[in-house]
Amino acid sequence: MKNYLITYSCAMFLLASCGSPSQQPKAPGQIDIAGKIESLTELKASDFIKEINYVALETTDSCLVNENPNIQVFKNNIIVNTNKQCLVFDKDSGKFLRSIGHIGNDPGGYSEATFWIDDITGELYFIGWNGTLMRYDLQGNYLGDVKVAPNLGVRNPACFVFTDSLIVSHQLSLLPIQGNEKKSPFLLLDKQGNVIDSIPSLLPVIPVTTNVGVHGMMTAYFNNDDAIESPRVLSTLWKHNGKVRFKEAYLDTIYTLSENKLSPYLIFNTGKYHYPAEERYQQKENDERVKIDYVMESTTLIIFQFRQRGEVYTGIYNKDTQITQIAKGQNFVNDIDHFMPLNPRNCNTDNEYVDLVQANTILEWMEEHPEVNPEGKFSFIKGINEESNPVVILMK
């Protein structure tokens, strides 16, 4: 595939513990990493979905999709952003509908094609210039901009979710903190971009004297003259069923944002494989430690991925049964229609899981599996070639 406010949350817990038992907050659930990594299983598509549909995206000179696109499905739209443009396709037919905006330092131009959807209004937000977000509707009409931060960009990546009244922003500097300043990367803004509240980082500060970022890697020079390189790890911010969730990189807790505070929702129990946040830039013993890289939530499941000893692991946590399953690798066995293995990238507001596979990958798989008949739901295969746009896989 792909935690802020300990002080406030602890204070809330202590306050609640002084009251009656009925006022005590519910203890967060436990996702069992430490135990289940010792008893790996096979993850099957039937563990989380019942139906799979395939949509081949139309291929024309106006809508070519590159090799590493991002994808979201919203209502009847498949929205794909490439390095330089944002493209909208029909969810049922895959027909190209329109592009949204353009890159350019002109009125209505954005600085990069990465986008976020306000699922309440259906508007798309792109990173603009000088700390702004550029607003478009799904018809491609430019709606204006919102000033949200002074230094958005590649070196200071951010993610956003939207409620009926708030823009919730988390911004993470690519490089470690210089000095001992505790910043507030979590901002709550109104729809005009005015800051209503902020939440300080939960990560302990590790001062550095100098730092340099190179191609997604981070080189940190510490005050004791040690120097290490670490891959860039970003936090995860999302919204499910109207609730804003957050998981900080290097911390094991998923939080829910409520009344401008973060409260623990679920905890990844990593046990002896725990990765202390204060040691996140140390090289020793890190191969054994578990760092959750990716989290996705649906009505019934939490799907997550992590690395250990250089291997990728995928897990699911059933919120109803509170059972955790973990498998090595990042794919689910397709035991529903017995086509290619599945690797859901995200889950939309309709609880559909979404994946996107390059056409040449499908053709190569077909060569290895000549027993698969390209008819019926697989008839799209006859219309693609190595130069075709990707195929979107919808799972529910």
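Preceding this paragraph is the structure being described.
What you see is a predicted model; the values in this text were computed from it and never measured.

S.K.: Summarise the overall build of the protein; cite the residues concerned and give the values.
M.R.: In terms of helices and strands, the protein carries three helices and 30 strands. Looking at the protein as a whole, 50% of its 396 residues are labelled buried. As displayed, the protein has an accessible area near 19300 Å², and 47% of this comes from carbon and sulfur atoms.

S.K.: Which residues make up unusual backbone geometry, and what values go with them?
M.R.: Although it is not a glycine, Asn130 adopts a positive phi angle of roughly 60°. When you line up the elements, Asn130 lands in the loop between strand E10 (123–127) and strand E11 (132–136). If you check the backbone angles, His338 has positive phi at about 60° while not being a glycine. In this fold, His338 is placed in the loop between strand E27 (324–328) and strand E28 (346–347). A residue is classified by how much of its surface remains accessible, and His338, at 56% relative accessible area, is exposed.

S.K.: Hey, could you go over the environment of Ile127 for me, with residue numbers and the actual values?
M.R.: If you trace the backbone, Ile127 turns up in strand E10. The spatial distance from the C-alpha of Ile127 to the C-alpha of Phe115 is 7.3 Å, given a sequence separation of 12 residues.

S.K.: Tell me about the pattern of salt bridges, and name the residues and values.
M.R.: A full pass over the atoms with the stated rule returns 10 salt bridges. Here Glu297 ties to Arg245 by a salt bridge, and the two come within 3.0 Å at their closest N and O atoms. Of this pair, Glu297 sits in strand E24 (residues 291–297) while Arg245 sits in strand E21 (residues 243–247), placing them 52 residues apart in sequence. A relative accessible area of 4% means that Glu297 is categorised as buried. One salt-bridge network, held together by shared partners, links Arg245, Glu297 and Lys319.

S.K.: Residues and numbers for the sheet that holds strand E9 (residues 115–118), please.
M.R.: Spatial ordering of the open sheet is given by E9-E10-E11-E12, a layout of four strands whose pairing is antiparallel. Either end of the sheet is taken by a strand with one partner, and the two such strands are E9 and strand E12 (142–147). Adjacent strand axes in the sheet meet at a mean angle of 25°, parallel and antiparallel pairs treated alike. Where E11 lies against E12, five bridges are found, and the strand directions are antiparallel. Looking at the pairing, Arg135 lines up with Gly144 of E12.

Calculation criteria
Residues numbered from 1 in each chain as written. Predicted model: local features only at pLDDT ≥ 70, side-chain atom pairs only at ≥ 80, totals over all residues. Heavy atoms only, no water. Helix = DSSP H or I, 4+ residues; strand = E, 2+ residues; numbered from the N terminus. Buried < 20%, exposed > 50% of the residue type's maximum accessible area, 1.4 Å probe, protein only. Areas by Shrake-Rupley, 256 points an atom, 1.4 Å probe, with all protein chains shown as cover. Salt bridge = Lys/Arg side-chain N within 4 Å of Asp/Glu carboxyl O. Pairing = 2+ DSSP bridges. Axes fitted to C-alpha atoms, helices over the stretch in contact; angles between N-to-C directions.

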